[in-house]
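Spelled out from the first residue to the last, the chains are:
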Amino acid sequence: MVDLEKAPPARSPDGEPVPRADGEGCLVVAVRLPVRIVALVLVLPVRMAWDALVVAGRFLRDTVLRPVGRALAWLGRALFVWPLVGLWRYVVVPVAKGVGWLGNVLLVVPAVWVYRWVLTPVGRALAWCCAGVGAVLTALGRGLYAGLAWLGNVLLVVPAVWVYRWVLTPIGHLLAWCGRGLARCGRGVLWCLGKVVTGIGAVLYWTLRILLVLPALAVWRWVLAPVGRALAVVGRELLDALGHAWRIAGHLSRAVGRALAALFRWTVAEPARWVYRSVLTPVGHAVRDTVLRPLAEAARAAGRAGRQALRSARLSVRQARADLRRTLFGEPERTPSVDRREPSGAEARTLGSSTTALTKD
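This one's a predicted model, so the numbers in the text were calculated from it and none came from an experiment.

Asks: Can you help me understand the overall build of the protein in this one?
Replies: When helices and strands are tallied, the protein shows two helices and zero strands. Scored against the burial criterion, the 361 residues of the protein give a buried share of 5%. The long-range fraction of contacts in the protein, counting pairs at least 24 apart against all pairs at least 6 apart in sequence, stands at 67%. Here the protein has roughly 30900 Å² of accessible surface; of this, 72% comes from carbon and sulfur atoms.

Asks: Can you walk me through the packing of aromatic side chains in this structure?
Replies: The way to describe two aromatic rings as a pair is by their centre distance and the angle between their planes. Inspection of the entire model under this criterion finds two aromatic pairs. With a centroid separation of 6.2 Å and an interplanar angle of 90 degrees, the aromatic rings of tryptophan 74 and tryptophan 82 are classed as edge-to-face. On the basis of relative accessibility, which here comes to 48%, the residue tryptophan 74 falls in the partly exposed class. A ring pair is formed by tyrosine 205 and tryptophan 206, whose centres lie 5.4 Å apart and whose planes are at 75 degrees; its orientation type is edge-to-face.

Asks: Is there a simple way to think about the confidence of the model for the protein in this case?
Replies: Mean pLDDT over the protein works out to 82, with 83% of the residues at or above the 70 mark. Low pLDDT (under 50) marks residues 1-7, which in the prediction has six contacts with non-local residues, meaning those over four places away or in another chain. Here residues 357-361 is modelled with pLDDT under 50, and outside its nearest four sequence neighbours on either side it reaches zero contacts, counting other chains as well.

Asks: Is there a simple way to explain the pattern of salt bridges in this structure?
Replies: Two side chains carrying opposite charge are able to pair once their charged atoms lie near each other. Summed over all chains, the structure comprises seven salt bridges. With a shortest N-O distance of 3.7 Å, aspartate 62 and arginine 66 are connected by a salt bridge. Of this pair, aspartate 62 and arginine 66 are both found in helix 1 (residues 26-329), four residues apart, which corresponds to roughly one turn of the helix. Here glutamate 270 and arginine 273 are joined by a salt bridge, their closest N and O atoms 2.4 Å apart. In this pair, glutamate 270 and arginine 273 both sit in helix 1, three residues apart, roughly one turn of the helix.

The rules behind these values
- Residues numbered from 1 in each chain as written.
- Predicted model: local features only at pLDDT ≥ 70, side-chain atom pairs only at ≥ 80, totals over all residues.
- Heavy atoms only, no water.
- Helix = DSSP H or I, 4+ residues; strand = E, 2+ residues; numbered from the N terminus.
- Buried < 20%, exposed > 50% of the residue type's maximum accessible area, 1.4 Å probe, protein only.
- Contact = heavy atoms within 4.5 Å.
- Areas by Shrake-Rupley, 256 points an atom, 1.4 Å probe, with all protein chains shown as cover.
- Phe/Tyr/Trp six-rings, centres within 6.5 Å; stacked < 30°, edge-to-face > 60°.
- pLDDT = per-residue confidence, 0-100.
- Salt bridge = Lys/Arg side-chain N within 4 Å of Asp/Glu carboxyl O.

Okay, here's the thing in structure tokens:
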């Protein structure tokens, strides 16, 4: 909310008023309240429209977009994900395993056999032959290198050392002495040129400072800086006013929304709930007890009667088919049933005594 009361000035422990830290003057404080009121009047419709759009968007998201999104997600899974998973699991993976096994049998195993029993012995034989040829070539190369090295030393190195020591070294010393002299002359010329350039630079520096830097500094200090401070104060006050107006408009918009919600609840929702609870529910119970349940009982009774009729018809058809089979083919032969259960203790003793008597006889 906007603070309409003026805050008391801060005072030091001695009782003297302390100036404000932000350096605000009385003009800023006097202009702040009208600016905030105007900002509130301008921002309030925007904030209410924004809150209405937010509420509509949330309602649309919860009632339309989210169910549609879930339906589209389920449809996408049913149309794309599950077929692709089934294709991958029951087609691609078995085919890949079969191709891998076939490649292992047709390529890997023969390749390993050829490498182990053909290429490895051949490679070892070639390596042994190359080692022998390399030893011979190494011996020949060493001899040739020794001969060429002695010949190069005699024909090139010794004459080159003599030329370097007795010809090039004296010429180099002479050229170095001449270069040192030229370098001393060049340093003197460069020192003179440096002094001249330093003087010209000092003149240009003070000229540019007096003609450009000092006027620009004066414009910055006495024109641009005060104008910038004033614009900063105005911008800060506008931003603060917009922030306060936005917060106050939010509170007002929330209050209006709660009032509209209460009005909708007491004018639409509560009467609809009362009608549903006090009128539609008893009517629905009455319709259920007087109409739907008797109809359901009648439908169940009809279903039971139909099922009994069908069962009787099936039994009649089965009996007629059995009679026709006996008439055409006669009675089927029946094999005597064999009792396969374990004899009890008394039966085992009786069978044992009978077996003993038969043995004695």
